[in-house]
Structures are given as C-alpha cells and as structure tokens.
Amino acid sequence: MITKDFLKKRFSKEWQKYYKLAFLINKGFQRKTCKKCGKGFWTLDSEREICPDQPCSPYQFIGNPPTKKKFSYVEAWKAIEKFFVENGHKSIARYPVVARWYPPLYFTSASIVDFYRVENGNVIFEFPANPLIVPQTCLRFNDVANVGLTGKHYTGFVMVGQHSLYNGKEGYWKEKCIELDYKLLTQVFGIKPEEIVFVEDLWLGTGAFGYSLEYFVRGLELGNAVFTEFLITPSGSKPMPYKVIDMGAGLERFPWISSGSPTSYDVVFEPVLSKLKKVIGVSVDNNLLLSYWKLAGVLNLDEVKDVGKAKLVIAKKLGVSINELNENLEPLQALYAVADHTRALTFAITDGMIPSNVGGGYNLRVILRRALSLIKRFKWDFELIDVCELHAKQLKPLFPELEEHLDEINEILNIETQRFKSMMERAKETLSKLEESEIGEKKLIQLYESHGITPDLIKEHFPNIKIPEDFYFKITRKKPVEKEESRISLPVEGLPETKKLFYEEPYSYKFKAEVLKIIRSFAVLNQTLFYPTSGGQLHDTGFINGCRVLDVEKIGEIILHKLDEISFREGETVTGNIDKERREALRKHHTATHIVNAAARKVLGSWVFQHSAFKDVDHAKLDITHYKSLSEDEVEAIENEANRIVELNLPVKIKWMPRMKAEETYGFRIYQGGAVPQSTLRIVEIPGIDVEACGGTHCKTTGEVGVIMILRTKRIQDGVVRVEFCAGEAALKKLREREEMLGELASLLKVNEENVPEAVKNVFQEWKSLRKKARKLRKKFFEKKVPKNVKQRRVVETKKEK
C-alpha cells in the first residue's frame, strides 16, 4: 500500500532525480537537510541549517514585510493574474465551490479539483486551457476551531491555481514552473532572492500523486508546486501518460506578507473589519496585539496542542494578565471568525448549497451557528447578511456574482437565524437538566448533533467546561459517499457494448437483434430498444420472440434483458416489441421531472437542485434541495409554472457533446442527477428553461407531456423536499378519481359538491369535540375505579422509565 511516509523516503532518497532543478542550481541555490525535521530544502544562504517550515522556524515578517509595497487583497490577485497572462497563461473564472462534477467531494477544496473528472472508475484531468491561472475559491472544514485564533486559518479562501498539462508538446514541466514562481516573487512582489527558500515535500491524492516544492519567505509558506506524474494502481503505481503542474498558492498569504500585519485577516478582510469595528465599537491595544502575534509566531501557535497554555506563556512574557490579554484578543478573534464564516457561506449559497443537517450542508450549518454564537456571546448588533453584503462589495471586482445573489443569501440566513434562536430556547431547558460532570467529549458532540447546541452556548452555562481542540474537525468530517451499486452481478466480461436503439430510434417500438449471450434468465443482444432502469427511470417491458421481458438492467455498457422464459438460443436473430403505453408514460414523466425541477427553481430560488428522482408509469417523485416545507401557495405556483412551460410547447433538444464543451457552454447545473463518468455527455435542453446531462427517454416537445398535476409534497429530511406528481394520461386519471371521490363525499354528507369543504370542516370539528368528551369520561372512570396507592405507584414507575 502506498503511504505518504513511503513516498517521502523514496523521493528524499532520489532527490537528485526529483528535486534537483537546473534553474535552482544556476541561480545558486544549495540543497540542505533541516537539522530539526530532516526535510530537504533549497536556499541561497550557505549558512542556513534550519528549514523555514513550522514548527522549525517562526514567522519573521510580522511588522517587517519583505515586499516592495503593500498590496490589498484584490490588488494582489490582479498583479498575479497580470503576470501569468503576460507569460502565456489563460485566466479563467473560478469554478463553483460545490464540486458537483466530482462525486467524492462535497466542496472544491483545491484549485486542481476543478479539473478532476472520473472516467471508467479512474481520475483523469481535463483542462479548459493549457496553461492556465484561476482564482479558485475553496472550502475546507478541518480547521474550524483554529479560524480566528491563529491568524492564518480559513474555512473559505482563494487558491491561486497555476496549472499546466505537459505531454511533451503542450504545456510545461517543473523547471518552467519554478522559474515562473521565482519571478512572481522577485519581479511582481519585489522580494529579494535570498529571502526565498524551497522545501521538498509531496502530495498523495485519491488516484494520483507527485512530489512538490513549497516556497517560503520569512517563515510563511506562499505556495506549493506539485509535480503530479504517477497513478495509483492495485499493484502500486505507474507513470501517467502526461504530467500535471498543480501549483496552489493561498491568495490570502500575499497581501499578508506585503503588509506585515499581525494576522492575515487584518488585511484580507480590511474593509469588512473596518466597518464592523465601527458598528460594534471594538477598542483594542494595537501595540499589545502586535507583540502578541509576534510571539505567537515564535511559539507556532497553530501547531501547539493547548492554545490556552500557550496564551498563558505569551501573557507572562508580555507582562500582562491573561484576563487583560483575552479582553483585547478574544473579541477580535471572534470578529475574524465571523468574517471568515460569512464569506464562506456567501460563496456556498451563491453556488447552490444551503445549510442543513445532511451532506455538505451540515458543514455550512456548523460555521453558521458558530458565527451566530459568537455574535450572541459578545452582544454585537449586526446581522450575518450585513457582513455578507460587505464581502460582496469588497470582492465585486473578482466575483461580481456574489452581489447578484444577496437577496437569496438573505432569505436563507434569515430562516437559519430564526432556527438558531429557537434552538437557544430549547438549549436552556436541555442544559438546565445537566450537571457539569456529565459533559465530556461524547456528550458535547451529542448535544450538537442531536440538539444543535454549540460549544459557545454550553460554555455560557458551564464556563469551566473544556472544549476539545479538534471538536469542529470531528463533527465536520465528511461521511463516505455511498456508491450506487448495480442491482445484479453477472459475468459479462468480453461482451461488446450494446447498441442503444432507444437513443437512435426513440419513437420506434419494434426491432430485430442478434442474441450474443444467455446468462441464466438474462439475454444479451447486440442492440436493443429496451431502456434499462437507470437515472431514476424504470425499465421498459415487452416481449422478445414472445418471451415476456420482466426487467432490463445495465452493467457498464452492456444491457441485459430478464425474461420469464427463454425460447431462443445464442446466435439467433430475434424480434423485440416494446410496451408502447408504458414507454410513453415513462417518457412523459421524465420530461415532466425536468420541467417541475425548473419550475421549482424559478419559484423558490437558485439553490434548488435535484437531490434524487424516480419515474414510474403512474407517477414521479422529485426530491429538491430546499430549506423548508412548501406552502400551498408555493405548490400552486410551481404547478402553474410547470403547466405554463407545457403550454409553450417548447422543443426538447437532445444532443451529444464533449464533456468539457458542455460544461463551458451550460455550466455545472447540467449535473442535476449527479456527475456523469463519461467523456461525452447526452445533453437534454428545453431552451430558456432547463439544461441537464441526462440519459433518460424524453418527449419531442413540452406540449407532448400534457397536464402536470402535483399530488403532494413532503419535507423528507432537513434541506430536502419531495414533490410527487403525475403527467399526461396519469394526471387525467387522477383528476377523474378525485372528481368521483368528491361526488361520493357530497352524497355521504348530503350536500352539493361545492359545499363539501365546509361540510367536512364541520364533521372534523364535531369529531374533535367527541374525542375531548371521551377523554374526560376515561379520566373520571380511572379516578373512580383505580385505588389511590396504585395510581401513585404508576406515577413513580413512569418517572423511573423516563
């Protein structure tokens, strides 16, 4: 098994092969081995013996920046972008922070994830330009507790992605990469060459790995150039057919090192913090804080296990009490955390993910409630949306889309704030029943996951409770993604791909084919019109040479037909007949699913995505991402919008497109049903309404779907609402059934049909009154017939059970 330690030894042992670059040698860099950690590093200082990485070396730039001038956050990106564009790179727009194209991840955690694609079970890289530069917003939740405390940790940050795919003809490899990064530091930021140190490291991913050179200036890592050239295989590894430059640099680091500010937050969030400090009236001792952060850098605060003890040491060195230090420090650290968390939420909601208790939404709710807890703790008078608006204004030159989604962000944050307030009321009662001695790590996690009670709220009740440093890491670890397994397992190796006639002749219902193989009760043909169960759509039925087709399955690209009996042999030519009525019903429900999804998104908001879907003959189910149950007015509006789309009789256009071209043309909303592990996508488009990558059967026009009728809706889990509906003949049948039911009710109640609702209401009120009387009678009976001592014993036993 390949491990990081194994690779570290391998690359270090063969450092001349992997890390020795002619560019570095020609510039006078020497390779050294760190006396503390044993890492290899490259420096112009012949006397240097310690690498610049933490905890070996402290920060040396705070209050002492090494750059030629101070850069703001936006200015830093503009300068970096200009440099790389002038050096032959295409600057591309960021990808969404929600990684819908790569199922193993909820969020885009690094710029290289933009270009991960899955094909035949393997990870491949697809670049829209070569080479390129991208300001990729990334979300990570493994350091939530450190955000605001260390000066450099974020849940949301921008990774400057410098990427190149080298195949011997196009792109470039490691020599050119390091030359460009060196020039970026020296020419753009004016850093002296002797300040730059390259440290040897490596990167191990899910399907590939490579060695890397991290570059540091005065103890701060500015970037990490990974040279990816190996694929992981069952037997070990093998070289990739091409090589990938994956240089990622935190944009936040560049304005920080150029300003020498105590923390990166001070310069990254400068306009946001400036406004908020005025609103809340924060007054701090800036000299004390500067001295604190300098010492924090020396002590490598973000590396120590117990931050509280480290702060005591710093307070003693500064000659102040821990209380005085915390009075100055903690409000500011909380403000930093709120600024970070709101920025991450702004990007996530803009890109279609909402806070919830499931999936990636769980991580968003964690940071949202942490931010609200901090605002409550310090009694600040501002709302989360106020901070989001400040972020959108600051980042408009880079990401104008944030401002466009502020209304939707406000709607989501309002509902989440109300839920937080309700939770606080319940939390008081829950915590009042607990003793401090009961609250350990397991209890803390249980209180959060079951009741939503954050550590900050718990500390208000129990000030002496110690919150584990890794608490937020433990509750935000991503749960494994469940893989959709094939419903059958049969030996189909060596068989050719089945020709899919249901795509080529979607309105044909009869075909001829050759029998390639018979496996138990399954038949494999060279071609078929039978659609297999996939994408939430049920299979076709019908007959093959008079034998009934019960089920149709797909394994890879091979389609198998399950029959009630088999009267033919391998090699024979057979005739297949599709159940036309079933096919048409499924086709209408699949197209209706696209229509209802688009209608829900228009009525409810841009965060609506398909969570899952199911299409049967008599109805369909669409699960959408939404933060609350639907009101009657919302259901009616969605149904009206869906039927408006039907009445427009718009064409349903179907075409095959290269995956990259489809993504560039339509964006990542095409992955409503999840990522498609194919290089060519089947795109189903209702012009101006909806575009999806979809493998299902569809109508030629929206008018062909017929009337759409929403049967019921239900909030099936936090953040997911199920819409059940029917279309075409199935909808007309439901309408007739309801009319018949209405007539029967009118007859039973002896009223006209239009008076049925009022009559039912009266019956319901009468039933409630009778139930109330029945309860009173039972109570009187119990009091008269049951002895007093028995009643008392029951009460005691009930209490024990609780």
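Residues numbered from 1 in each chain as written. Predicted model: local features only at pLDDT ≥ 70, side-chain atom pairs only at ≥ 80, totals over all residues. Heavy atoms only, no water.

Enquirer: Which residues make up the environment of Lys466, and what values go with them?
Expert: With respect to the helices and strands, the residue Lys466 is situated in the loop between α17 (455–461) and α18 (471–476). Taking the C-alpha atoms as reference points, Lys466 and Pro104, separated by 362 residues in sequence, lie 34 Å from one another. Residues within four places of Lys466 in sequence aside, it is in contact with Asp306 and Leu444. (Helix = DSSP H or I, 4+ residues; strand = E, 2+ residues; numbered from the N terminus. Contact = heavy atoms within 4.5 Å.)

Enquirer: Report on the side chain of Arg370, specifying residues and quantitative values.
Expert: Note that Arg370 resides in helix α12 (residues 359–377). Accessibility expressed as a relative area gives 9% for Arg370, which makes it buried. In this structure the side chain of Arg370 is engaged in a polar contact, spanning 3.0 Å, whose partner is the side chain of His341. When neighbours within four sequence positions are excluded, Arg370 is seen to be in contact with Val144, Ala145, Val147, Ala337, His341, Asp456 and Tyr472. (Buried < 20%, exposed > 50% of the residue type's maximum accessible area, 1.4 Å probe, protein only. Polar contact = N/O pair within 3.5 Å; in protein donor to acceptor, adjacent residues only side chain to side chain.)

Enquirer: Account for the side chain of Thr697, naming residues and giving values.
Expert: Within the secondary structure, Thr697 is located in the loop between β24 (690–693) and β25 (708–717). According to the relative accessible area criterion, Thr697 is buried, its value standing at 5%. Polar side-chain contacts of Thr697 include one of 2.8 Å to the side chain of Gln537. Leaving out residues up to four positions away in the same chain, Thr697 has contacts with Tyr531, Gln537, Arg583, Arg587 and His590.

Enquirer: With reference to specific residues and values, describe the pattern of salt bridges.
Expert: Taken as a whole, this structure holds 34 salt bridges when the rule is applied. One salt-bridge network, held together by shared partners, links Arg365, Glu416, Arg419, Arg715 and Asp718. (Salt bridge = Lys/Arg side-chain N within 4 Å of Asp/Glu carboxyl O.)

Enquirer: Can you tell me about a nonpolar patch on the surface, naming the residues and giving the values?
Expert: Taken together, Val707, Leu732 and Leu735 make up a surface patch of nonpolar side chains, about 210 Å² in accessible area. By the secondary structure assignment, Val707 is in the loop between β24 and β25. Residue classification places Val707 among the partly exposed residues on the basis of a relative accessible area of 32%. (Patch = residues over 30% accessible without salt bridge, like charges linked within 9 Å, V, L, I, M, F, W, Y side chains within 5 Å. Areas by Shrake-Rupley, 256 points an atom, 1.4 Å probe, with all protein chains shown as cover.)

Enquirer: Please give an account of the packing of helix α20 (residues 580–604) against helix α21 (residues 632–648) that cites residues and values.
Expert: The relative placement of two packed helices is expressed as an angle between their axes plus a distance between the axes. With their axes 8 Å apart at the nearest point, α20 and α21 run at an angle of 130 degrees to one another. With respect to their mutual orientation, α20 and α21 come out oblique. Remark: the crossing between α20 and α21 carries right-handed chirality. Taking contact as the criterion, the partners of Ile595, Val596, Ala599, Ala600, Lys602, Val603 and Leu604 in α20 are, on α21, Glu634, Ala637, Ile638, Glu641, Ala642, Arg644, Ile645 and Val646. A breakdown of the residues in the contact of α20 with α21 according to their chemical character gives 11 nonpolar, no polar and four charged. (Axes fitted to C-alpha atoms, helices over the stretch in contact; angles between N-to-C directions. Parallel < 35°, antiparallel > 145°, perpendicular 65-115°, else oblique. Left-handed = near helix turned anticlockwise from the far one by under 90°. Nonpolar A, V, L, I, M, F, W, Y, C, P; charged D, E, K, R; others polar.)

Enquirer: A description of the environment of Thr701 should follow, citing residues and the corresponding values.
Expert: For Thr701, the location among the structural elements is in the loop between β24 and β25. Taking the C-alpha atoms as reference, Thr701 lies 5.4 Å from Leu650; in sequence the two are 51 residues apart.

Enquirer: Outline the sheet that holds strand β8 (residues 196–204), listing residues and values.
Expert: Strand order in the open sheet made by the nine strands is β1-β2-β8-β9-β10-β11-β7-β6-β3, with mixed pairing throughout. This sheet does not close on itself; its edge strands, each paired only once, are β1 (30–33) and β3 (90–91). This element, helix α5 (residues 174–188), spans β7 (156–166), β8, β9 (208–217), β10 (220–233) and β11 (236–250) of the sheet and lies at about 165 degrees to β10. The strands touched by helix α11 (residues 322–350) are β6 (132–139) and β7; relative to β7, the strand with the most contacts, the crossing angle is about 55 degrees. (Pairing = 2+ DSSP bridges.)

Enquirer: Which residues make up the packing of aromatic side chains, and what values go with them?
Expert: Taken as a whole and judged by the stated rule, the model has 45 aromatic pairs. Look at Phe23 and Tyr182: their rings are 5.3 Å apart centre to centre, the planes differ by 75 degrees, and that puts the pair in the edge-to-face class. A residue pair is termed long-range when its members are at least 10 positions apart, and Phe23 in helix α3 (residues 22–27) and Tyr182 in helix α5 qualify at 159 residues. One exposure class covers both Phe23 and Tyr182, and it is buried. Measuring from ring centre to ring centre gives 5.1 Å for Phe378 and Trp380, while their planes differ by 15 degrees; the resulting arrangement is stacked. Through a chain of ring-to-ring contacts, three or more aromatic side chains come together here, namely Phe11, Tyr18, Tyr19, Trp173, Phe209, Tyr211, Phe227 and Phe230. (Phe/Tyr/Trp six-rings, centres within 6.5 Å; stacked < 30°, edge-to-face > 60°.)

Enquirer: Describe helix α16 (residues 441–451), with residues and values.
Expert: Buried residues of α16: Leu444, Ile445, Leu447 and Tyr448, and no others. Across the axial projection of α16, the buried residues extend over an arc of 160 degrees, all falling on one side. Opposite the buried face of α16, by more than 90 degrees, sit the exposed residues Lys442 and Ser450. Packed against the buried residues of α16 are α12, α15 (406–432), α17 and α18. (Arc of directions from axis to C-beta.)

Enquirer: Can you tell me about a negative patch on the surface, naming the residues and giving the values?
Expert: Together, Asp381, Glu383, Asp386, Glu389, Asp407 and Glu411 give the surface a local cluster of negative charge. Classification of Glu383 as partly exposed rests on a relative accessible area of 45%. (Lys, Arg positive; Asp, Glu negative; His and termini not counted. Charge placed at Lys NZ, Arg CZ, Asp CG, Glu CD.)

Enquirer: Pulling in residues and values, what's your account of the confidence of the model for the chain?
Expert: Model confidence for the chain is summarised by a mean pLDDT of 90, while 91% of its residues fall at 70 or above. Note on residues 478–486: pLDDT under 50 across the span, and eight contacts to partners over four residues away in sequence or across chains. Contacts for the low-pLDDT stretch residues 790–802, under 50 throughout, to residues beyond four places or in other chains number four contacts. (pLDDT = per-residue confidence, 0-100.)

Enquirer: Requested: an account of the packing of helix α8 (residues 270–280) against α11, with residues and values cited.
Expert: Packing of α8 against α11 brings their axes to within 11 Å, and their N-to-C directions diverge by 125 degrees. As summarised for this structure, α8 and α11 are arranged oblique, according to the angle between their axes. Crossing angle aside, the handedness with which α8 passes α11 is right-handed. The segment α8 lies against α11, with Leu273, Leu276, Lys277 and Ile280 engaging Leu332, Leu335, Tyr336 and Ala339.

Enquirer: Could you give an account of the sheet that holds strand β22 (residues 653–658), with specific residues and numbers?
Expert: Spatial strand order, β22-β23-β24: three strands in an open sheet with antiparallel pairing. Of all strands in the sheet, those bounded by a partner on one side alone are β22 and β24. Strand-to-strand twist across the sheet, computed as the mean angle between neighbouring axes with direction ignored, equals 25 degrees. Pairing between β22 and strand β23 (residues 680–686): six bridges, direction antiparallel. For Trp656, the partnering residue across the bridge sits in β23 and is Arg682. Sheet strands in contact with α20 are β23 and β24, and its direction is about 125 degrees off that of β24.

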